[in-house]
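Tertiary structure, described
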Amino acid sequence: MSSDHLCVRTLIMFYILQLLAFASIVVQGHDQAPLVESDVRPDAKLETWLSKYGKPIDQPFSGFLSFSHIPHAVCLEDEDVSMDIAVLGFPFDTAVSYRPGARFGPYAIRSGSRRQRDIRGYTLSWGVNPYDQGVRIIDCGDIPITPFDNKLALAQMELAYTTILNRPIVSKTSGKNTVLGKDGRDHPRIVSLGGDHTIVLPILRSLYKVYGQPISVIHFDSHLDTWSGYPGSDSEESRINHGTFFAVAQREGLISNSSIHAGIRCKLAGMIDIEHDESVGFQLITTDDIDDLGIPEIIKRIRRRVGDTPVYLSFDIDVIDPALAPGTGTPEAGGWTIREVKRIIRGLAGLHFVGADLVEVLPAYDHAEITGIAAADLVHDFLSLFLSEAPPSRKHLNDEL
Ligand SMILES: [Mn+2]
């Protein structure tokens, strides 16, 4: 047989097979009921989504981008909104010494929180779900901070924080171990999403106004953030940045001398930096202390340092090893793991927290959202921290197994 003949026969076979396949689709189509019933008659009963499927439920990958899908409001606009705990975004990054981009941090943390939600907020490590503790937790959105004028930006952040801090709480208390303000009442507690670390200065100014006393700070960071300035930046405004804000806060009398750093490993000018740091009111726990002292001793030292004073928790994501949280502004190699830090955080439950933040998340340097997801997970821990009376025991776990 010639190759021409073979070609023609192959072509005919191909067309016959195609015809058979088409015929079988037509026959099957007639035999099967439609997959979705749809009443297209003109007199058909009108249905809506709500009447048929009920209240829309966000999927982990859908819905408005509030933290962990919690109720959200523009709290600065709607003056009737009140809460016990607020999540508040600070999209500010115009006071950094290295990479800018933390203005996208609040977005990245909320985005990283999408698989977290109230109905599955219980964790074995805490033994609680922060969303079923009878307190109202609201995502208040972001403060509209100017990126053009830091003096104005600082004023905006302070006023926004104070505005929300002065809202009446909804429940009898905003959680466990709260501190009364100088007006004698319990105030909402705010978890701030940064933003570069400078946002803590207006926050501390606002806390001082409401609580009427200096606040102790537990500061997780690879850097001291207590420097007095940067060479070549001598104006009053340039002295307020993400490496100096604690020194400014100390000069203004906003923080007590019972503060403590955890996770320090940055390079220094020398011991002169540590001496200055002590004068700002800080003790320090270095990154290596986790190996030399262990986690229980680190927890003990932090608790002993702050005692029962009002405490603010400031968490720079760069305390985590950059391999596990690369999306940050001033990465320092050789940091703590997320698991280690989470254990330390749990050990701090029962202290008198007046607020917390998670700062320096830069999604532009992140990969596969790993920094955003870690940050969102830590914010979930902060909520559990506010709502727990003491560090979790293992009572809810069956250790017999
Ligand atoms: Mn910092």
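Residues numbered from 1 in each chain as written. Predicted model: local features only at pLDDT ≥ 70, side-chain atom pairs only at ≥ 80, totals over all residues.

A few points about the overall build of the protein
- Within the protein, the secondary structure is distributed over 11 helices and eight strands.
- Against the compact-globule benchmark of 21 Å for 401 residues, the protein has a radius of gyration of 28 Å, which places it well outside the compact range.
- Here the protein, with 401 residues, has 44% of them falling under the buried criterion.
- A sequence separation of at least 24 residues applies to 79% of the contacts in the protein between residues at least 6 apart. (Helix = DSSP H or I, 4+ residues; strand = E, 2+ residues; numbered from the N terminus. Rg over C-alpha atoms; globule rule 2.2 N^0.38 Å. Buried ≥ 20, exposed ≤ 12 C-beta atoms within 10 Å, placed from the backbone. Contact = placed C-beta atoms within 7 Å.)

A look at the sheet that holds strand β3 (residues 189–194)
- Taking strand neighbours across the sheet as the criterion, the eight strands line up as β2-β1-β3-β8-β7-β4-β5-β6 in an open arrangement whose pairing is parallel. Single-partner strands in this sheet number two, and they are β2 (137–142) and β6 (282–286). Taken over all neighbouring pairs, the strand axes of this sheet differ in orientation by 15° on average, direction set aside.
- In this sheet, β3 lies alongside strand β1 (residues 85–90) in parallel orientation, the contact comprising six bridges. Paired with I85 across the strands is R189, a residue of β3.
- Against the sheet, helix α9 (residues 295–306) touches β4 (216–220), β5 (259–264), β6 and β7 (310–316), its axis set at about 155° to β5. (Pairing = 2+ DSSP bridges. Axes fitted to C-alpha atoms, helices over the stretch in contact; angles between N-to-C directions.)

Let's talk about the pairing of β3
- The buried fraction of β3 is high, at six of six residues.
- Every second residue of β3 is oriented toward a common face, with R189, V191 and L193 on one face and I190, S192 and G194 on the other, all of them buried.
- Pairing of β3 with strand β8 (residues 352–359), which is carried by four bridges, proceeds in the parallel orientation. When the sheet's bridge partners are listed, S192 is paired in β8 with D357.

What about the environment of I345?
- Tracing the sequence through the fold places I345 in helix α10 (residues 338–346).
- Sequence-wise, I345 and D381 are 36 residues apart; in three dimensions their C-alpha atoms are separated by 7.6 Å.
- Residue contacts for I345: discarding those within four places in its chain leaves D381 and L385.

Quick notes on the pairing of β4
- When you tally the buried positions in β4, you get five out of five residues, the bulk of the element.
- The side-chain alternation of β4 yields two buried faces, one formed by S216, I218 and F220 and the other by V217 and H219.
- Pairing of β4 with β7 involves five bridges; the strand directions are parallel. Bridging across to β7, V217 finds its partner in Y312.
- With three bridges connecting them, β4 and β5 associate as parallel partners. Its bridge partner being in β5, I218 is matched across the sheet by I260.
- In this fold, the crossover linking β4 to β5 by way of helix α6 (residues 245–251) has right-handed handedness. (Right-handed = clockwise from strand over helix to strand, strands pointing away.)

Structural notes on the environment of S171
- Structurally, S171 is set in the loop between α4 (150–165) and β3.
- Given 14 C-beta atoms within 10 Å, S171 falls into the partly exposed group.
- For the pair S171 and G347, spaced 176 residues apart in the sequence, the C-alpha separation amounts to 26 Å.

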